[in-house]
Amino acid sequence: MRIKILGDCYYCVSGLPISRPNHASNCVKMGLDMIEAIRAVREATGVNVDMRIGIHTGDVLCGVIGLRKWQYDVWSDDVTIANHMESGGMPGKVHITTSTLMQLDGKWDVEAGNGSTRDEYLREQGVETYFIIPKKKKLQELNENDVSMQEGGRGSMRVAKYLESWGADKPFAKITEGVTGKNAQLTSMALIESNLIQPRQYTCWNISHQVEADMDKINIELERNLDDKQWFAAEDIHPILLYFVNSDLEAEYHQQPDPLFKYYVACAAMIYLTMLLVQLFFMPRSVAFFVSYGAIALLFLLLLLLSWADTIWMTKIHSKGLSSVITDGPWLRLLIAIVTMSVVAAAAIITVVDCGELDAHLPVTNFSKFAVISDVISDEAFLVGSNATTALLPAGDTVSVCINDCYSLPYYLYCCLLALVACSVFLQVHFLLKFIIMLLVLILYNVTFLVLQLELFQQQPTSRSLLNEMSLPVQSAIYLAFFFITLHVIDRKVEYTSRLDFLWKTKFKSEREEVETMGGVNKILLENILPAHVALHFLSSNRRLDELYHQRYKSASVLFASIPNFFKEFYMQNDITRDGLECLRVLNEIIYDFDKLLLKPKFCAVEKIKTIGSTYMAASGLVPGQENSQQDSQHHVFVLLEFALSMISVLNQFNKESFNDFKLRMGMSHGEIIAGVVGAQKPQYDIWGNTVNLASRMDSHGIVGRIQVTEDTATVLTNHNFECVCRGPIAVKGRGNLITYFVKTSMDYGDLSTTKL
């Protein structure tokens, strides 16, 4: 597992996070392979580069510290030994300790390493070291590769051809890759988020095949979701009663607003109007008819006005219209629905009480409807009508007749069927409640037709049909029963569809929120790994996937701030410190306080790069396009210096509260640098250049409690009223003798005999 990249140093471990018995062998194999790889690069490019490999086996503490720019890291005394094994090694060789050698079980031959002669820390700790001797087969392969490289043409051509053959993965190369097709957007987004968080297993050799495999996998998964209804499981909805097993989901279903409720009321009103026309033209009209239908008409008028108030007048009361009160109120909607069903059902047969035998003494010639004369002199009954002959009765005579003014059972049946439809138009009412209401209405109608008014309706003439052997009331009961069953099946289907639609919407909303939340978390994590402007670059869909991110800055400032006495004096691995864990808690609090400074607006231009042990690395002036936005092009130098002074103040306050004596040693430089993102599986933002190396040397060759800067940086500071004192020439590794300066502050520890600049 790669931990981090420190300049040109590749820092990795084996045995984390899962313990592996062959962790030592893995590290040795990787070290040998890295040496082979760098040898091939050296031969291909003609550049004299090589690698030192240092390996040590021991205990480590691993985790993440700080508030910003999290990086997985390891700490322990054994980690320090491993660092010195690398610095005390030799190019082209794998340098191991005795503890590592004991874990190899004789798989490799070794020779004396004599690391103590090249590194003072190894000599102080008494660490005995060895070099791994590569196997002869490997050496032969390397020599053959060297010859083939040398015969491959000119150096520039070999470089281009060799680098193209690598085909290395690019950082976040697949972050914006999706699957074509609108239906796959959500799934592809979920895949992007999972790829962003979890380490990918792609290599530079199979990346194209992996892309095709991912696209096929997403398409298959999407088809399976649509065909098998993965979102809908049998246990979500009761198979018979059709209610959600999850009580919270059931409550949410009933609490959802119903914007179509006003249309249900309008449909019920139209059904009522149809019944009114039927009763008006084909049924007996009486006082009860006008009173009952008039009252129901007023009720429907009121319900329509309330339901359509917002649509009609476009007015709202307290930002919530009258219609919205009904639409958003489930219990109010249910009450209106039950009342509407009841009054429509009652209106269908309310006039049947007026339909009976009427005793009347009317002139026979005035009959305008069919009449059955049941009380005449003769024993025969005559059917007379408005156009019938009157010769059978004396003209002008009146008789006592029984007039059946109610040949109306078919019309009552039509009204009853319409009433059942009115019960079914309220789609959001539970189908069981509608079933109960329609069942009660059906019983009421059958009791009326078959019991209460049986004699009345039995006198009706029958028509020729398949059921002509039955009486008209019985036929009506059968029609009502079939219609009732049909409506119930439709209601059940509508209920099932409505609940399934709600379940899909809920699942989709939940997954969408989860994806949005995950996207937000990923963005935060990405911005916590990379600077904000770099994160936006990788999240952009317009970027080219085949290019590395890099940015050159003509002028930027770099700061290294270390706490030398933390690991030398404070850090201990024993039972009291729980093998160093409690010491790391203290380091985490310190780094956390430093990171909190970055949240201040005045330090918005300061970017934390990384932490290296107890060393804090930061830079300023790394925002593209803003190099010349300030009136003073060197403004980033002052911002970073002020940040360094704030770090000193924060650490002093921490010392007072924790009774410690930690001190900072700082190094600072400014100039041209290159920033970029390296690594495919664990992309890391870093900066390189002579300015970074000088800032690191200013820290490592500095004095505790002082801020050491280069001569160029000191010149910029003194030109802006900062006081710097010359330390004089010091020997800097790789740079020879350099004249450096200390920035004079009120928090300096002690006085130095230096020359003021």
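An account of the accompanying structure is given in this report. (Residues numbered from 1 in each chain as written. Predicted model: local features only at pLDDT ≥ 70, side-chain atom pairs only at ≥ 80, totals over all residues. Heavy atoms only, no water.)

### As for the overall build of the protein
Looking only at helices and strands, the protein features 24 helices and 21 strands. Burial status across the protein gives 41% buried among its 757 residues. Looking at the protein alone, contacts between residues at least 24 apart form 71% of all its contacts between residues at least 6 apart. In the structure as shown, the protein presents an accessible area of about 41,400 Å², 58% of it carried by carbon and sulfur atoms. (Helix = DSSP H or I, 4+ residues; strand = E, 2+ residues; numbered from the N terminus. Buried < 20%, exposed > 50% of the residue type's maximum accessible area, 1.4 Å probe, protein only. Contact = heavy atoms within 4.5 Å. Areas by Shrake-Rupley, 256 points an atom, 1.4 Å probe, with all protein chains shown as cover.)

### Description of the nonpolar core
Counting 49 residues, the largest nonpolar core has M275, F300, A348, F426, Y445, F449 and L480 as its most contacted members. Listing elements by their share of this core, those giving two or more residues are α10 (261-282), α11 (287-307), α14 (330-349), α15 (409-424), α16 (431-452) and α18 (472-529). Top contributing element to this core by residue count: α15, with ten residues. Those residues in contact with M275 that sit more than four places away from it in its chain are Y293, V344, A347, A348, C415, L418 and A419. (Core = buried A, V, L, I, M, F, W, Y, C linked by side-chain atoms within 4.5 Å.)

### Some remarks on the packing of α14 against α16
Where α14 meets α16, the axes come as close as 11 Å, and the angle between the chain directions of the two elements is 15°. As the angle between them shows, α14 and α16 are arranged roughly parallel. Between α14 and α16 lies a crossing of right-handed hand. Residues L334, I338, M341, A345, A348 and I349 of α14 lie in contact with α16, whose contacting residues are L433, K434, I437, V441, L444, Y445, T448 and F449. Taken together, the residues of the contact of α14 with α16 break down into twelve nonpolar, one polar and one charged. (Axes fitted to C-alpha atoms, helices over the stretch in contact; angles between N-to-C directions. Parallel < 35°, antiparallel > 145°, perpendicular 65-115°, else oblique. Left-handed = near helix turned anticlockwise from the far one by under 90°. Nonpolar A, V, L, I, M, F, W, Y, C, P; charged D, E, K, R; others polar.)

### Concerning α14
When the terminal C-alpha atoms of α14 are compared, their 30 Å separation across 20 residues agrees well with the 28 Å that a helix rising 1.5 Å per residue should span. Listing the buried residues of α14 in full gives P330, R333, I336, A337, T340, M341, V343, V344, A345, A347, A348 and I349. (Expected span 1.5 Å × (residues − 1).)

### Re a nonpolar patch on the surface
Together, I436, L439, L440, I443, V447, L450, V451, L452 and V474 make up an exposed nonpolar region whose accessible area comes to about 750 Å². Of the residues forming the nonpolar patch, the biggest block, eight residues, is contributed by α16. Counting through the fold element by element, V447 comes out in helix α16. Under the relative-accessibility criterion, V447 is labelled partly exposed at 34%. (Patch = residues over 30% accessible without salt bridge, like charges linked within 9 Å, V, L, I, M, F, W, Y side chains within 5 Å. Salt bridge = Lys/Arg side-chain N within 4 Å of Asp/Glu carboxyl O.)

### Description of the environment of I240
With respect to the helices and strands, the residue I240 is situated in the loop between α8 (207-228) and α9 (247-255). By relative accessible area, I240 is classed as exposed at 56%. When the C-alpha atoms of I240 and R492 are compared, they prove to be 9.7 Å apart, with 252 residues separating the residues in sequence. Non-local contacts of I240, meaning those with residues more than four positions away in its chain, are made with F431 and R492.

### Quick word on the pattern of salt bridges
Across all of its chains, the model carries 15 salt bridges by this definition. A salt bridge links D501 to K505; the shortest N-O distance between them is 3.2 Å. Note that D501 and K505 are positioned in helix α18 at a spacing of four residues, about one turn of the helix. For D501, a relative accessible area of 38% corresponds to the partly exposed category. We note a salt bridge from E642 to K602, for which the minimum N-O separation is 3.3 Å. On the criterion of sequence distance, the pair formed by E642 in helix α22 (residues 635-658) and K602 in the loop between α21 (581-597) and β14 (606-612) is long-range, its members being 40 residues apart.

### What to know about the packing of α15 against α18
Between α15 and α18, the shortest axis-to-axis distance is 10 Å and the interhelical angle comes to 15°. Viewed along their axes, α15 and α18 adopt a mutual orientation that is roughly parallel. Between α15 and α18 lies a crossing whose hand is right-handed. Facing L409, P410, L413, C416, L417, L420, V421 and S424 of α15, the residues of α18 in contact are L472, P473, S476, Y479, L480, F483, L487 and D491. Taken together, the residues of the contact of α15 with α18 break down into 13 nonpolar, two polar and one charged.

### Some points on the pairing of strand β1 (residues 2-6)
Of all the five residues making up β1, four are buried; the element is thus mostly covered by neighbouring parts of the structure. Hairpin remark: β1 followed by strand β2 (residues 9-12), antiparallel, with two residues in the connecting loop; positive phi at G7, about 65°. (Pairing = 2+ DSSP bridges.)

### Focus on the side chain of K608
Positionally, K608 belongs in strand β14. Only 3.1 Å separates the side chain of K608 from the side chain of D595, close enough to count as a polar contact. Setting aside anything within four residues of it in sequence, one finds K608 in contact with R68, K69, I591, D595, L598, Y616, M617 and A618. (Polar contact = N/O pair within 3.5 Å; in protein donor to acceptor, adjacent residues only side chain to side chain.)

### Here we look at the sheet that holds strand β3 (residues 52-55)
Strand order across the open sheet formed by four strands is β3-β6-β8-β7, with mixed pairing between neighbours. Of all strands in the sheet, those with a lone pairing partner are β3 and β7 (109-112), marking the two edges. Going across the sheet, the axis of each strand differs from the next one's by a mean of 35°, ignoring polarity. In this sheet, strand β8 (residues 129-133) lies alongside β7 in antiparallel orientation, the contact comprising four bridges. Opposite A112, over in β8, you have Y130 as the bridge partner. Sheet contacts for helix α2 (residues 77-87): β3, β6 (93-97) and β8; angle to β3, the most-contacted strand, approximately 155°.

### Considering helix α24 (residues 711-718)
Taken as a whole, α24 has its buried residues at T713, A714, V716 and L717. Summarising the axial view, the buried residues of α24 lie within an arc of 160°, below the 170-degree limit, and thus occupy one face. Looking at the buried side of α24, the elements it contacts are α22, β16 (665-678), β18 (707-710), β19 (724-732) and β20 (736-743). (Arc of directions from axis to C-beta.)

### Observations regarding unusual backbone geometry
In this structure, P17 follows L16 across a cis peptide bond, with omega equal to -5°. Tracing the chain through its elements places P17 in the loop between β2 and α1 (23-45). Phi at N114 is positive, roughly 50°, even though this residue is not glycine. Within the element layout of this structure, N114 appears in the loop between β7 and α4 (120-125). Despite not being glycine, R578 has its phi angle at roughly 55°, a positive value.

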